[in-house]
Amino acid sequence: MKEGLKVLIPKGQALPFTITQDSKSANSGGNNSMTASCELYYGETDDLSNCKKFNIPLVLNNLPNLKEGEVKFKVVVTLNESGEISVNFVCVNTKSGQNGKFQSKDLIEYHNS
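All of these numbers come straight from a predicted model, not from anything done at the bench.

So, how was this worked out
- Residues numbered from 1 in each chain as written.
- Predicted model: local features only at pLDDT ≥ 70, side-chain atom pairs only at ≥ 80, totals over all residues.
- Heavy atoms only, no water.
- Buried < 20%, exposed > 50% of the residue type's maximum accessible area, 1.4 Å probe, protein only.
- Helix = DSSP H or I, 4+ residues; strand = E, 2+ residues; numbered from the N terminus.
- Pairing = 2+ DSSP bridges.
- Core = buried A, V, L, I, M, F, W, Y, C linked by side-chain atoms within 4.5 Å.
- Contact = heavy atoms within 4.5 Å.
- 1 Å grid on protein atoms, 1.4 Å probe; cavity = no way out; pocket = protein on both sides within 12 Å on 5 of 7 lines; lining within 4 Å.
- Points joined across faces, edges and corners; volume = space filled by probe spheres on them.
- Nonpolar A, V, L, I, M, F, W, Y, C, P; charged D, E, K, R; others polar.

Engineer: Any chance you could explain the pairing of strand 6 (residues 72-79) here in plain terms?
Structural biologist: For a regular strand, side chains alternate in direction, first toward one face of the sheet and then toward the other. The two faces of strand 6 differ: F73, V75, V77 and L79 on one face are buried, but K72, K74, V76 and T78 on the other face are not. Pairing of strand 6 with strand 7 (residues 84-91), which is carried by seven bridges, proceeds in the antiparallel orientation. By the bridge assignment for strand 7, V75 is matched with F89. Count of turn residues in the strand 6/strand 7 antiparallel hairpin: four residues, of which G83 carries a positive phi of about 90°.

As structure tokens, then:
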């Protein structure tokens, strides 16, 4: 994606939390189709090389061959109190999408109220 790394859920965010992020294609692909992937990382830095990647393979295939920025995507990410992150990755143009989940208690830091 053209926009690069974005912080979707900041450290200290009250849970459950859901965010919707819009994005667009960086190029048009070829042969009347395009593939786009959604990769999510976590860590306490904005340096991608020091972050861990979630094992949530989300790939959309056979997307329209349009000009740069014309293929639109929507990503909805939810993190709940038990450490489950769920992701919905959709191409707005074709209405095709994929869902994925990842569970890890390491994503949650509990505080006494």
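Don't stop here, the text continues.
Engineer: In this structure, what is going on with the nonpolar core? I would like to understand it.
Structural biologist: Note that soluble globular proteins tend to have their nonpolar side chains buried in a common cluster. Judged by nonpolar contacts, the single largest core of 20 residues is most densely connected at C38, L40, L63, F73, V77, V87 and F89. Of all the secondary-structure elements, those providing two or more residues to this core are strand 2 (36-38), strand 5 (58-60), strand 6 and strand 7. Setting aside anything within four residues of it in sequence, one finds V87 in contact with C38, L40, I56, L58, V75, V76, V77, Q98, N99 and G100.

Engineer: Would you explain the environment of C51 in this entry?
Structural biologist: For C51, the position within the fold is in the loop between strand 3 (41-42) and strand 4 (52-53). The class for C51 is buried, based on a relative accessible area of 14%. Separated by 11 residues in the primary sequence, C51 and L40 place their C-alpha atoms 9.7 Å from one another. C51 has contacts with Y41, Y42, G43 and T45, leaving out every residue within four places of it along the chain.

Engineer: Please clarify how the layout of surface pockets should be interpreted in this entry.
Structural biologist: The rolling of a water-molecule-sized probe over the atoms marks out the regions of remaining empty space. Quantified by volume, the largest pocket comes out at close to 1400 Å³. Lining of the largest pocket is provided by 43 residues; of these, L8, I9, Y41, Y42 and G43 occupy positions nearest its centre. For the lining of the largest pocket, the secondary-structure elements that each account for two or more residues are strand 1 (17-24), strand 2, strand 3, strand 6 and strand 7. Element by element, the count of residues in the lining of the largest pocket is highest for strand 6, at four residues. Class assignment for the residues of the lining of the largest pocket results in 24 nonpolar, nine polar and 10 charged.

Engineer: Which parts of the structure should I look at to understand unusual backbone geometry?
Structural biologist: Most peptide bonds are trans, and most residues other than glycine sit at a negative phi. For the bond from L15 to P16, the omega torsion is 0°, close enough to zero to count as cis. Here P16 lies in the segment before strand 1. With phi around 55°, N62 is a residue other than glycine that occupies positive phi space. Inspection of the secondary structure assignment puts N62 in the loop between strand 5 and strand 6. What makes N62 exposed here is its relative accessible area of 65%. In this model, K95 sits at a positive phi of 65°, which is unusual for a non-glycine residue.

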